[in-house]
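Overview (structure and organization)
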Amino acid sequence: MTFLTIGHRGVMGVEPENTLRSFVRAERSGMDVLALDLRLSKDGALVVLHDADVDRTTDGSGAVADLTLAELRGLDAGDGQQVPLLEEVLDAVRAPLRVQVHELSAVRPFAELLLRRDLTGRVEVASFVDEVLVEAAGLVPGLRTVLYVNQGTADAGAAIGRAVAAGAETIALNIQHLTPHTVEAAHEAGLRVTGWTVNSLERLRLARALELDGVLTDFPEIRSTGRFTA
């Protein structure tokens, strides 16, 4: 089975996260999938930002939901980069995308975009919110979904149960808390397992030893070192 290297917000360890430059570099580095974050602006634009506010990743301040697209576009998202629209990312790179949707309010416009551009084969939706996956899959037939869970070792079974109940194809878990038993149980439940975040050769060896299906990484170097067999 293919081991996927997933660029986390592009390659955020070396480029401003969730920017076009970060995604283009991730693709050129050979990342198999690019992971990004989706939120809605005040005027309903699908913008690529992780946090609920812009304070950490831009030179501005305030909640994303309180800012118009024009206001967001006026911010510096790092090294002169703008906050991109999801459609701009789709046009800038050709790699498959894992789109993490943070809010239920963004699901319908996101689904409409997927259907309009016939993207179900290229895009999968991810979320920490089970209802986001259920609603998105109901709106877009055949859409692949990923449940993110920041689990501890004690509640891994509950996390797997949530993923199955939500109809997810993949479960994404914090590699710090992963055990062989958890990965085996997820595979037995029919789930693929990806771990986050893998930024060192030591963690990559662990991911291989755990027989994960892929990892999220901040650095392009993990793609080249990831070709070894542990």
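First things first, this report covers the structure right here in the doc. No experiment lies behind these values; they were computed from the predicted model shown.

For the protein chain, the count of helices and strands is 9 helices and 9 strands. Relative to the globule expectation of 17 Å for 230 residues, the C-alpha radius of gyration of the protein chain, 17 Å, shows essentially globular dimensions. In terms of overall dimensions, the protein chain has C-alpha extents of about 50 × 35 × 30 Å along its principal axes. Across the 230 residues of the protein chain, 51% fall into the buried class. Entry remark: accessible area of the protein chain is about 10000 Å², with carbon and sulfur atoms responsible for 50%. Computed over 22 positive and 33 negative side-chain charges, the inter-centroid distance for the protein chain is 6 Å.

Moving on, we get to the packing of helix α4 (residues 107-117) against helix α5 (residues 130-139). Packing of α4 against α5 leaves a shortest axis separation of 10 Å and a crossing angle of 35°. For α4 against α5, the interelement crossing comes out right-handed. Here α4 contributes V107, R108, A111 and L115 to the contact with α5, which in turn contributes V132, E135, A136 and L139. Across the contact of α4 with α5, the residue classes break down as 6 nonpolar, no polar and 2 charged.

Our next topic: the pairing of strand β9 (residues 214-217). Neither face of β9 is open: one carries G214 and L216, the other V215 and T217, and all of them are buried. Pairing of strand β1 (residues 4-8) with β9, which is carried by 4 bridges, proceeds in the parallel orientation. Counted as the bridge partner of T5 is V215 from β9. In terms of strand pairing, strand β8 (residues 192-196) meets β9 through 2 bridges, oriented parallel.

Let's shift gears to the packing of aromatic side chains. Per the counting criterion, the structure on display carries 3 aromatic pairs. Both rings, one in F128 and one in Y148, keep their centres 5.4 Å apart while their planes meet at 50°; by these two values the pair is tilted. Within this pair, whereas F128 is found in the loop between β5 (123-127) and α5, its partner Y148 is found in strand β6 (residues 144-149), the two being separated by 20 residues in sequence. A relative accessible area of 38% means that F128 is categorised as partly exposed.

The residue T217 is located in strand β9 in this model. For the pair T217 and S200, spaced 17 residues apart in sequence, the C-alpha to C-alpha distance is 8.9 Å. Once residues lying within four places of it in the same chain are set aside, the contact partners of T217 are T5, I6, G7, H8, G10, M31, T197, V198, N199 and I222. Within the local environment of T217, its side chain forms a polar contact with the backbone oxygen of V198, the two atoms lying 2.7 Å apart.

The rules behind each value
Residues numbered from 1 in each chain as written. Predicted model: local features only at pLDDT ≥ 70, side-chain atom pairs only at ≥ 80, totals over all residues. Heavy atoms only, no water. Helix = DSSP H or I, 4+ residues; strand = E, 2+ residues; numbered from the N terminus. Rg over C-alpha atoms; globule rule 2.2 N^0.38 Å. Buried < 20%, exposed > 50% of the residue type's maximum accessible area, 1.4 Å probe, protein only. Areas by Shrake-Rupley, 256 points an atom, 1.4 Å probe, with all protein chains shown as cover. Lys, Arg positive; Asp, Glu negative; His and termini not counted. Charge placed at Lys NZ, Arg CZ, Asp CG, Glu CD. Axes fitted to C-alpha atoms, helices over the stretch in contact; angles between N-to-C directions. Left-handed = near helix turned anticlockwise from the far one by under 90°. Contact = heavy atoms within 4.5 Å. Nonpolar A, V, L, I, M, F, W, Y, C, P; charged D, E, K, R; others polar. Pairing = 2+ DSSP bridges. Phe/Tyr/Trp six-rings, centres within 6.5 Å; stacked < 30°, edge-to-face > 60°. Polar contact = N/O pair within 3.5 Å; in protein donor to acceptor, adjacent residues only side chain to side chain.

Remember that the coordinates give geometry; whether it matters functionally is a separate question.
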